[in-house]
Amino acid sequence: MIRDTILILEQDQASQAQLAEIFQDRYKILQVSTEKEGIEILRTSAASLAVVLVNLLIPAKDNFQILQRLSEKKFLERIPFIMITGDKTQKYEKKGYEYGIVSYIKKPFYPEVVRQLVDNVVQVFQYKVQLELTVKNQTEKLKKQNAMLKMMAEKQKHANEVMIDSLSNIVEFRNLESEQHIRRIREFSLCLGRSVMNLYPEYELTEEKLDVIGWASSLHDIGKIVIPDHIILKAGKLTEDEYEVIKSHTTKGAEIIERVIHLDSQMFCDYAYDIARHHHEKYDGNGYPDGLKGEEISIAAQIVSLVDVYDALTSKRVYKAAYKTDKAFQMIINGQSGTFSSKLLKAFTEARKDFEIIVTKYCDD
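About the cut-offs
Residues numbered from 1 in each chain as written. Predicted model: local features only at pLDDT ≥ 70, side-chain atom pairs only at ≥ 80, totals over all residues. Heavy atoms only, no water. Axes fitted to C-alpha atoms, helices over the stretch in contact; angles between N-to-C directions. Helix = DSSP H or I, 4+ residues; strand = E, 2+ residues; numbered from the N terminus. Parallel < 35°, antiparallel > 145°, perpendicular 65-115°, else oblique. Left-handed = near helix turned anticlockwise from the far one by under 90°. Contact = heavy atoms within 4.5 Å. Nonpolar A, V, L, I, M, F, W, Y, C, P; charged D, E, K, R; others polar. Buried < 20%, exposed > 50% of the residue type's maximum accessible area, 1.4 Å probe, protein only. Arc of directions from axis to C-beta. Polar contact = N/O pair within 3.5 Å; in protein donor to acceptor, adjacent residues only side chain to side chain. pLDDT = per-residue confidence, 0-100. Phe/Tyr/Trp six-rings, centres within 6.5 Å; stacked < 30°, edge-to-face > 60°. Core = buried A, V, L, I, M, F, W, Y, C linked by side-chain atoms within 4.5 Å. Salt bridge = Lys/Arg side-chain N within 4 Å of Asp/Glu carboxyl O.

Novice: Give a detailed account of the packing of helix 7 (residues 180–199) against helix 16 (residues 352–361), specifying residues and quantitative values.
Specialist: In contact at an axis separation of 10 Å, helix 7 and helix 16 are set at 165° when each is read in the N-to-C sense. Regarding the angle of helix 7 to helix 16, the classification is roughly antiparallel. The chirality of how helix 7 crosses helix 16 is right-handed. Together, R184, E187, F188, C191 and L192 of helix 7 and D354, F355, I358 and V359 of helix 16 make up the contact between the two elements. The class makeup of the residues in the contact of helix 7 with helix 16 is 6 nonpolar, no polar and 3 charged.

Rendered as structure tokens:
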């Protein structure tokens, strides 16, 4: 609706007439003499009002009470109000501004000044309304776009997760491992990662990073798909040459991730490559394939290294029976299964009970 009307709320008939004459060639004019009449027009015709010119002294005993009631009804937020006054004190003007009056018209009226002042107020208010409407429309548009992008991202994430699950299932099938192995590795990684995040902020882990590390851990052994059957499935002790072939699953896995697996998440690809290549590195430098030592090993690879050892100890394999969780915990803490950092061992100790819950929840049939 076009705002083309001025409401004059003034008890003095002469002042009403003078103001109406100033604006009658440019606006529709509504003139009332009482607060009740003014509020009725505001209630029914607010959308058409460009500005309200109001004299507070209606009746004189009310003083600022009419402005208080108008403010309570939210009219001053929707329409610009200009006060008509003969009072020239700063205190009087300040109180009006505090209620939300945008300006003053002072008696006696000077038509050109009054006309320009009202025009300025109307233009600024209309610009404000248009700006607010534009912002609202843009905000709604952005919300819809963000919702669409979020939905697309969720779909892509789901597609990525399906592909990761499929690849990890191939590895499990190839190695004759249980279908729960990858699930345990993922859950262990999240559990230990969250413990590290809470204890050691210097690693700058976040929930988002942990989620990616959890999924990336699913591909830690993907390089084993290129290891020959007679070696990967051998029940007895490996020869030195066979062990070297087994160790190559780290570099082969990193190569597969780098050259074959193409996902839209660079963070995932980086973590997956690092974990596949370095999850057999040891904190004392006695791991493989690169002999990394200490904090040269990323915290992601350190986490997956420990949980991979824990899962190997607590699971039945073709070459061994499963250890009890207490025994597996002590073997890792005592360094019987390789060296881990003191920080990682503390985080592991803090998460011990949660690890045992995961073992029970995702046990092999």
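That covers the picture; the talk isn't over yet.
Novice: Any chance you could break down the side chain of Q16 for me, citing the residues and the numbers?
Specialist: With respect to the element layout, Q16 can be found in helix 1 (residues 13–23). Of the residues examined, Q16 reaches a relative accessible area of 4% and is grouped as buried. Beyond its immediate chain neighbours, meaning those up to four positions away, Q16 contacts I8, E10, Q31, V32 and S33.

Novice: Now, about helix 5 (residues 90–99): what can you tell me, with residues and values included?
Specialist: Here helix 5 has its buried residues at Y92, E93 and G96. Buried positions in helix 5, seen along its axis, are confined to an arc of 95° and lie on one side of it. In helix 5, the exposed positions angled more than 90 degrees off the buried face are occupied by Q90, K91, K94 and E98. Contact partners of the buried residues in helix 5: helix 3 (65–72), strand 4 (81–85) and strand 5 (103–106). Two residues or fewer after helix 5 comes G100, characterised by a positive phi angle close to 120°.

Novice: Requested: an account of unusual backbone geometry, with residues and values cited.
Specialist: Most peptide bonds take the trans form, and the phi angle of most residues other than glycine is negative. The residue after K107, namely P108, is reached through a cis peptide bond having omega -5°. Position of P108 relative to the elements: it lies in the loop between strand 5 and helix 6 (111–175). With an omega of 10°, the peptide bond running from Y288 to P289 counts as cis. Looking at the element boundaries, P289 is found in the loop between helix 12 (266–278) and helix 13 (299–314). One non-glycine residue, K74, adopts positive backbone phi at about 70°.

Novice: If you had to explain the side chain of H280 to someone new, which residues and values would you point to?
Specialist: Within the secondary structure, H280 sits in the loop between helix 12 and helix 13. Polar contacts involving the side chain of H280 include one to the side chain of H249, which spans 3.5 Å.

Novice: Can you lay out the environment of F268 for me, pointing to particular residues and giving the numbers?
Specialist: Within the fold, F268 resides in helix 12. Relative accessible area serves as the criterion here: at 5%, F268 is assigned to the buried category. Placed 52 residues apart in sequence, F268 and A216 show a C-alpha to C-alpha distance of 6.2 Å.

Novice: Residue-level account of the confidence of the model for the protein, with values.
Specialist: The predicted coordinates should not be examined in detail at positions where pLDDT is low. Overall, the predicted model of the protein reaches an average pLDDT of 86, with 88% of residues at or above 70. Averaged pLDDT values for the elements of the protein fall to 78 in helix 6 and rise to 97 in helix 15 (residues 342–350).

Novice: Tell me what's going on with the packing of aromatic side chains, and back it up with residues and numbers.
Specialist: Within this structure, the stated rule accounts for 10 aromatic pairs. Between F188 and Y310, the aromatic rings sit 5.2 Å apart at their centres with planes inclined by 85°, giving edge-to-face as the arrangement. Of this pair, F188 sits in helix 7 while Y310 sits in helix 13, placing them 122 residues apart in sequence. An identical accessibility class is assigned to F188 and Y310; each is buried. Measuring from centroid to centroid gives 5.1 Å for Y310 and F355, while their planes differ by 85°, and the two rings are edge-to-face.

Novice: Explain the packing of helix 14 (residues 325–333) against helix 15 to me, using residue names and the numbers behind them.
Specialist: Interhelical geometry of helix 14 versus helix 15 gives an angle of 165° and a closest axis separation of 11 Å. The pairing of helix 14 with helix 15 is recorded here as roughly antiparallel in orientation. Like other packed secondary-structure pairs, helix 14 and helix 15 cross with a definite hand, here left-handed. Taken together, the residues of helix 15 that come into contact with helix 14 (itself represented by F329, I332 and I333) are L345, F348 and T349. Class assignment for the residues of the contact of helix 14 with helix 15 results in 5 nonpolar, 1 polar and no charged.

Novice: Residue-level account of the environment of Q126, with values.
Specialist: Of note, Q126 is situated in helix 6. Judged by its relative accessible area of 36%, Q126 is partly exposed. In the structure, Q126 is positioned 123 residues away from R3 in sequence and 8.8 Å away in space, judged by C-alpha atoms.

Novice: Just give me the short version of the nonpolar core, but keep the residues and values in it.
Specialist: In this structure, L192, V196, L205, F268, I332 and F355 are the most contacted members of the largest nonpolar core, which totals 50 residues. With 9 residues, the top contributor of residues to this core is helix 13. In contact with L192, not counting residues within four places along its chain, are I303, L306, V307, L344, A347, F348 and F355. Formed by 22 residues, the second largest nonpolar core is a distinct cluster that contains A46, V54, L70 and L76.

Novice: Residue-level account of the pattern of salt bridges, with values.
Specialist: Opposite charge on two side chains makes pairing possible when the charged atoms of those side chains draw close. Evaluation of the coordinates by the stated rule reveals 21 salt bridges. A salt bridge links R43 to E40, with the shortest nitrogen-to-oxygen separation between them at 2.7 Å. With R43 and E40 both in helix 2 (residues 35–45) and 3 residues apart, this pair spans about one turn of that helix. Among the residues examined, R43 registers a relative accessible area of 56% and is labelled exposed. Look at E40 and you get partly exposed, because its relative accessible area is 38%. Note that R115 is salt-bridged to E112, the shortest N-O span being 2.9 Å.

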